Each structure stands twice: as structure tokens, then as C-alpha cells.
Amino acid sequence: MLAVADGRPETLSLKQIIEHHVDFVFEITTRKYKTLLGKELEKKEIQEGLIKACDVIDLIIEILRGSEKPGAGKEMSCGWGIRRASALRQRQVEKRPKKLQFTEKQATAILDMRLYKLIGLEIEALQAEYEQTMKNIALYKDILDHYDSMAEVIIKELDAIKKEYSTKRRTS
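Description of the structure in this document. (Residues numbered from 1 in each chain as written. Predicted model: local features only at pLDDT ≥ 70, side-chain atom pairs only at ≥ 80, totals over all residues. Heavy atoms only, no water.)

## Observations concerning the packing of helix α6 (residues 120-145) against helix α7 (residues 147-165)
Two packed helices can be described by the angle between their axes and the distance between those axes. At their nearest, the axes of α6 and α7 sit 5 Å apart, and the two run at 105 degrees to each other. By the angle class used here, α6 and α7 are roughly perpendicular. Packed against α6, whose contacting residues are Asp142, Ile143, Leu144 and Asp145, the element α7 presents Tyr147, Ser149, Met150 and Val153 at the interface. (Axes fitted to C-alpha atoms, helices over the stretch in contact; angles between N-to-C directions. Helix = DSSP H or I, 4+ residues; strand = E, 2+ residues; numbered from the N terminus. Parallel < 35°, antiparallel > 145°, perpendicular 65-115°, else oblique. Contact = heavy atoms within 4.5 Å.)

## A closer look at empty space enclosed by the protein
In the structure shown here, the tally under the stated rule is 1 cavity of 30 Å³ or more. Space inside the largest cavity adds up to approximately 40 Å³. Taken together, Leu50, Cys54, Met113, Lys117, Glu122, Ile123 and Leu126 make up the lining of the largest cavity. Here the element with the most residues in the lining of the largest cavity is α6; it accounts for 3 residues. Tallied by class, the residues present in the lining of the largest cavity amount to 5 nonpolar, no polar and 2 charged. (1 Å grid on protein atoms, 1.4 Å probe; cavity = no way out; pocket = protein on both sides within 12 Å on 5 of 7 lines; lining within 4 Å. Points joined across faces, edges and corners; volume = space filled by probe spheres on them. Nonpolar A, V, L, I, M, F, W, Y, C, P; charged D, E, K, R; others polar.)

## A word on helix α2 (residues 57-66)
Every α-helical turn comprises 3.6 residues, leaving residues that sit three or four positions apart pointing alike. Of all the residues in α2, the buried ones are Ile57, Leu59, Ile60 and Ile63. Along the long axis of α2, the arc covered by the buried residues comes to 160 degrees, so they all point the same way. Those residues of α2 that are exposed and aimed more than 90 degrees away from the buried face are Asp58 and Arg65. (Buried < 20%, exposed > 50% of the residue type's maximum accessible area, 1.4 Å probe, protein only. Arc of directions from axis to C-beta.)

## Some remarks on a nonpolar patch on the surface
A cluster of nonpolar side chains, Leu14, Ile18 and Val22, forms an exposed patch at the surface whose accessible area comes to about 280 Å². By secondary structure assignment, the location of Ile18 is in helix α1 (residues 14-55). Under the relative-accessibility criterion, Ile18 is labelled partly exposed at 47%. (Patch = residues over 30% accessible without salt bridge, like charges linked within 9 Å, V, L, I, M, F, W, Y side chains within 5 Å. Areas by Shrake-Rupley, 256 points an atom, 1.4 Å probe, with all protein chains shown as cover. Salt bridge = Lys/Arg side-chain N within 4 Å of Asp/Glu carboxyl O.)

## Examining unusual backbone geometry
Notably, Asp6 is not glycine yet its phi reads approximately 55 degrees, a positive angle. With respect to the helices and strands, the residue Asp6 is situated in the loop between β1 (2-5) and β2 (8-11). A relative accessible area of 65% means that Asp6 is categorised as exposed.

Here is the structure:
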């Protein structure tokens, strides 16, 4: 059979066609899980920032009150907001400067956070979501690092397609 393989037309046997198709499926699955891993890592970064912010939320609110412009997120991410905190809190802030070091994404997420997220149940839900994100990251890394795990995932996906679209033979 004439087919395009590796960017050029070739005459391939059935075995070669199947090999190219399997390689293609592995490549697509690898791309899919790299994308999912990237999204989960971004989500992890934001969740870590929100969890860290729950410990120092009073200080963050004080910094936001003292800011003159809406760009307070950048101040939090660089720790510049420390200077704007009141003198009473400033002594406490100097003891824990690492807690105010947020990335730009974390600072934006903190500024977008609603106050009802500070309820105890919401904090627990955030921590549970963080644990689920960590499990997903471990799963995606395992799939990307191990050939057998990747093959299992592909087989499950193909079985799901088979189950959804298969019809019994109508003729004998």
C-alpha cells in the first residue's frame, strides 16, 4: 500500500502500516499527557500559593489596604508590600519574609480569591484539591516515564472506543 510515512510517500506492508500507526498513537498520547501535566503543574503552583496565603491572610489584607494602586499583586510577589504594613505588623512580617514570596500567578490568584474561601471547609476543600492535583501529577509522570503504563492507557482508551462504537455483525 502506498502511504505517507515520516513525511515522504512509501510503499508499506500491513505490518509497517500498523507499526507507524502504533508509533503515531504513542506520540499523540505523549503529547496529551505532557499537556495535562503542564496544566496540573500550573494548578499546583496556584494552589500552593492559596494555601500559603491562608496562613498570612491578615497581613495580605493589610498590604492591600495600604496600597495606592491596583498592582498590589506584584508587590506581594516581590515582598515589597512589607514596607506598607503597619509598624505593629511589620515586626511580625520581618520574622517570616519567605511566607510573602509569591509568584506572579499566585499573587493574581490571591487577588482574585473570594473571601468565602477563607471558611474552614473551603480551606479543607482546597487542601483536598491540592492532594488530588499531586496524585494526578504522579500519575501523569508515571505514564510519561514508563512504556507499560502508556500502553495500558492506550489499551483502555481503545477498549472504550470499541465499547462505544462496536456493533454486532449483522450477517452470518
